[in-house]
Amino acid sequence: LGRMKPVIVVHGGAGRIFKEREEGCRAGVVRAALRGYAVLRQGGSAVDAVEEAVRSMEDDPHFNAGCGSVLNEKGEVEMDAIIMDGKNLDSGAVSAVKCIANPIKLARLVMEKTKHMLLTDHGAHLFAQAMGIPEIPGEKLITERSRERWKKNLEPDSNPEEFQKDLGTVGAVAIDSEGNVACATSTGGLSNKMIGRVGDTACIGSGGYADNHSGATSTTGHGESIMKVVLARLILYHMEQGMSPEVAADTALDYMKTRVGGLGGVIVVNKAGEWAARFSTKQMSWATVKDDNLHYGIYAGEKHIKSVDEALASEREGF
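Note that the structure is a prediction, hence the values are computed from the model and not measured.

**Regarding the overall build of the protein**
What the protein contains, in helices and strands, is ten helices and 13 strands. Whereas a compact globule of 319 residues would reach a radius of gyration of roughly 20 Å, the protein reaches 18 Å, a difference of no more than 12%. Viewed in the frame of its principal axes, the protein has a C-alpha envelope of about 60 × 45 × 45 Å. Split into buried and exposed, the 319 residues of the protein put 58% on the buried side. Look at the contacts in the protein between residues 6 or more apart in sequence, and 65% of them connect residues 24 or more apart.

Below is the structure:
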């Protein structure tokens, strides 16, 4: 058996990316893709790679995950995350978690240290304590931008829907040299959401899905719409019917748009290592590394290509 060439694809959320955040989002997805790829290049697993890439974006305040998450109606951060291993369909997820820096780490511990797949709120908190995950004050996760938006959305004539377009859920998919695939997704959810609202991210088949027999995908966009069509699994179904990652992604996104009026974005890798980053929103920040080349973009049709070594060099100098 020839060894697979590893591939990683990441997204920093679909929606509308305001001009002043473009550079930060581009830099953030590129950094995440390079970090995930470094794991793969050293022989690490797809699961390790997607966790590392997502952790990198959780720590980046430009994205709506971890630090920089949007606030619920009470002005608090509640986060959801999922990770899945395509080898045996093992998955772990957490929902409505507070006061931890990296929900994706906790999701992986749920996958590996429990017999369960999803822990929520208080139970997830107790499990994090048991696993020795440091608790951080909730304020540490709140950025000026999130607080401003929360206040704006509280105004009587505000339209939170307008701001929802600037979402920023983060995710990653990968295939490693053994041919195993994995996905990971993490989010702060919807701005000014009801307390206890859980969207698509923590739901297997909606926020992400990975199966070595077909591939892996991570989604972003309007959570309730994604859940209605079980978007991640739908894309893999289309690939099982013989569609390429790109056609499968577009077909599923199109169905979501026509059937329930929902917009979103997806990243996909199939079992042959072919990838796609597609979206029905105005923008989605994404980056991928394959064959030692980095590709990235934000707008439809935009695609920059650099060699990994060149990208790593400019990464060290700071963008």
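We are not done yet, so read on.
**Observations regarding the pattern of salt bridges**
Within this structure, the stated rule accounts for 20 salt bridges. The closest approach of N and O atoms between Lys-98 and Glu-78, which form a salt bridge, is 3.6 Å. Residue Lys-98 is found in the loop between β3 (90-97) and α3 (103-113), and its partner Glu-78 is found in the loop between α2 (46-58) and β2 (79-85); the two are separated by 20 residues along the sequence. The shortest N-O distance in the salt bridge between Arg-233 and Glu-240 comes to 3.3 Å.

**Re helix α9 (residues 245-260)**
In this model, α9 (16 residues) spans 22 Å end to end at C-alpha, consistent with the 22 Å of a helix rising 1.5 Å per residue. Burial in α9 covers these residues: Pro-245, Ala-248, Ala-249, Ala-252, Leu-253 and Met-256. Buried residues along α9 cover an arc of 125 degrees about the axis, so they all sit on one side. Looking at the packing, one finds that the buried side of α9 touches α7 (223-229), α8 (231-240), β9 (264-270) and β10 (275-279). Trailing α9 by a residue or two, Gly-261 shows a phi angle of about 70 degrees, which is positive.

**Focus: the UniProt feature "active site" (unreviewed entry) in the protein**
In the UniProt entry, the feature "active site" (unreviewed entry) is given for Thr-169. Along the polypeptide, Thr-169 turns up in the loop between α6 (160-164) and β5 (170-175). Here Thr-169 falls in the buried class, since its relative accessible area comes to 5%. In this structure Thr-169 touches His-11, Gly-12, Gly-13, Asn-64, Thr-185, Ser-186, Thr-187, Thr-201, Thr-219 and Thr-220, once residues within four positions along its chain are discounted.

**Digging into the sheet that holds strand β13 (residues 304-307)**
Strand order in the open sheet formed by nine strands is β4-β3-β2-β6-β5-β1-β11-β12-β13, and the pairing between neighbours is mixed. Either end of the sheet is taken by a strand with one partner, and the two such strands are β4 (118-120) and β13. Between one strand and the next, the sheet's axes are offset by a mean angle of 10 degrees, whatever the strand orientation. Two strands pair when backbone bridges link them, and β2 and β3 are joined in this way by six bridges, in the antiparallel orientation. Considered in β3, the bridge of Met-84 is made with Ser-91. Along the sheet face, α2 touches β1 (7-15), β2, β5 and β6 (181-187) and points at about 160 degrees away from the line of β5. Along the sheet, helix α4 (residues 121-130) contacts β3 and β4; its crossing angle with β4, the most-contacted strand, is approximately 105 degrees.

**Here's the deal with the sheet that holds β10**
Spatially, four strands are ordered β7-β8-β9-β10 in an open sheet, and the strand pairing comes out antiparallel. Unpaired on one side and paired on the other, β7 (208-211) and β10 mark the two borders of the sheet. The sheet shows a mean angle of 10 degrees between the axes of neighbouring strands, direction not considered. As judged from the five bridges shared by β9 and β10, these two strands associate in the antiparallel manner. The residue bridging Val-268 from the neighbouring strand is Ala-276, located in β10. Docked against the sheet, α8 engages β7, β8 (215-221) and β9, running at close to 140 degrees with respect to β8.

**Let's talk about the packing of aromatic side chains**
One pass over the full model with this rule turns up one aromatic pair. When the ring of Trp-275 is compared with that of Trp-286, the centres are 5.6 Å apart and the planes differ by 40 degrees; the resulting orientation is tilted. Of this pair, Trp-275 sits in strand β10 while Trp-286 sits in strand β11 (residues 283-290), and the two are eleven residues apart along the sequence.

**A look at the packing of α8 against α9**
Packing of α8 against α9 brings their axes to within 8 Å, and their N-to-C directions diverge by 135 degrees. It follows from the interaxial angle that α8 and α9 lie oblique. In terms of crossing hand, the pair formed by α8 and α9 is right-handed. Note on element contacts: α9 touches α8 through Pro-245, Ala-248, Ala-249, Thr-251, Ala-252, Leu-253, Tyr-255 and Met-256, opposite Leu-231, Leu-234, Ile-235, His-238 and Met-239. Of the residues assigned to the contact of α8 with α9, the class counts are eleven nonpolar, two polar and no charged.

The rules behind these values
- Residues numbered from 1 in each chain as written.
- Predicted model: local features only at pLDDT ≥ 70, side-chain atom pairs only at ≥ 80, totals over all residues.
- Heavy atoms only, no water.
- Helix = DSSP H or I, 4+ residues; strand = E, 2+ residues; numbered from the N terminus.
- Rg over C-alpha atoms; globule rule 2.2 N^0.38 Å.
- Buried < 20%, exposed > 50% of the residue type's maximum accessible area, 1.4 Å probe, protein only.
- Contact = heavy atoms within 4.5 Å.
- Salt bridge = Lys/Arg side-chain N within 4 Å of Asp/Glu carboxyl O.
- Expected span 1.5 Å × (residues − 1).
- Arc of directions from axis to C-beta.
- UniProt positions renumbered as here; feature names shortened; annotations may be inferred.
- Pairing = 2+ DSSP bridges.
- Axes fitted to C-alpha atoms, helices over the stretch in contact; angles between N-to-C directions.
- Phe/Tyr/Trp six-rings, centres within 6.5 Å; stacked < 30°, edge-to-face > 60°.
- Parallel < 35°, antiparallel > 145°, perpendicular 65-115°, else oblique.
- Left-handed = near helix turned anticlockwise from the far one by under 90°.
- Nonpolar A, V, L, I, M, F, W, Y, C, P; charged D, E, K, R; others polar.

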